[in-house]
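# Structural description and commentary
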Amino acid sequence: MTQRNQVAHSENGKPIVLTDKTFEETVARLPLTVVDFWASWCGPCRMVAPIIDQLAEEYAGRVTFGKLNVDENPVVSNVFQIQSIPSLLVFKNGKLVDGLIGAAPKQLIESRIRPHLNS
């Protein structure tokens, strides 16, 4: 799947899969991106995944949600010093503007996204 297709997929309400190779370019060209750093063995990550899916659908066309598997993509994980998962990082125009560590409820995640929608 190309990045163009991934972004189009995201706009249809699904998170995109990010990798060490696609992360920088993808986040740099999107206005608002929330990246979920996760791993398949992580229980709290599995708790957050349906919330991310729901938010991706609800905010389709306004926010792109991405998922980055930390086990498969150590470069980006190291750049952002991800030591606890799940970790959510919010990027606006390619710049890190907020973050959240741990299995947070939907309302808390939304509270970190909303201020960046129209600013």
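What you are looking at is a predicted structure, and each value in this text was computed from that prediction instead of being measured. (Residues numbered from 1 in each chain as written. Predicted model: local features only at pLDDT ≥ 70, side-chain atom pairs only at ≥ 80, totals over all residues. Heavy atoms only, no water.)

With that settled, the discussion passes to the overall build of the chain. Scanning the chain for helices and strands turns up five helices and five strands. Going from the N terminus to the C terminus, the chain shows its helices and strands as α-β-α-β-α-β-α-β-β-α. Residues counted as buried form 46% of the 119 residues belonging to the chain. The long-range fraction of contacts in the chain, counting pairs at least 24 apart against all pairs at least 6 apart in sequence, stands at 69%. Looking at the chain as shown, the accessible area adds up to about 6,500 Å², and 52% of this sits on carbon and sulfur atoms. (Helix = DSSP H or I, 4+ residues; strand = E, 2+ residues; numbered from the N terminus. Buried < 20%, exposed > 50% of the residue type's maximum accessible area, 1.4 Å probe, protein only. Contact = heavy atoms within 4.5 Å. Areas by Shrake-Rupley, 256 points an atom, 1.4 Å probe, with all protein chains shown as cover.)

Attention now moves to the pattern of salt bridges. Under the criterion given, the structure shown has four salt bridges. As a salt-bridge pair, Lys67 and Asp36 come within 2.7 Å of each other at their nearest N and O atoms. One end of the pair, Lys67, is in strand β3 (residues 64-69); the other, Asp36, is in strand β2 (residues 32-38), and 31 residues separate them in sequence. On the basis of relative accessible area, Lys67 is assigned to the buried category, the value being 17%. Across the pair Arg114 and Glu110 runs a salt bridge whose closest N-O atoms are separated by 3.7 Å. Looking at Arg114, the relative accessible area reads 45%, which means it is partly exposed. (Salt bridge = Lys/Arg side-chain N within 4 Å of Asp/Glu carboxyl O.)

For the rest of this paragraph, the subject is the nonpolar core. Ranked by size, the top nonpolar core spans 16 residues in total, and within it Val34, Leu55, Val63, Phe65, Leu88, Ile109 and Ile113 carry the most contacts. Elements with a minimum of two residues in this core: β2, α3 (43-58), β4 (87-92) and α5 (106-113). Ranked by the residues each element gives to this core, the list is headed by α3, at five residues. Listed in part, the 15 residues of the second largest apolar core include Leu18, Phe23, Phe37 and Val76. (Core = buried A, V, L, I, M, F, W, Y, C linked by side-chain atoms within 4.5 Å.)

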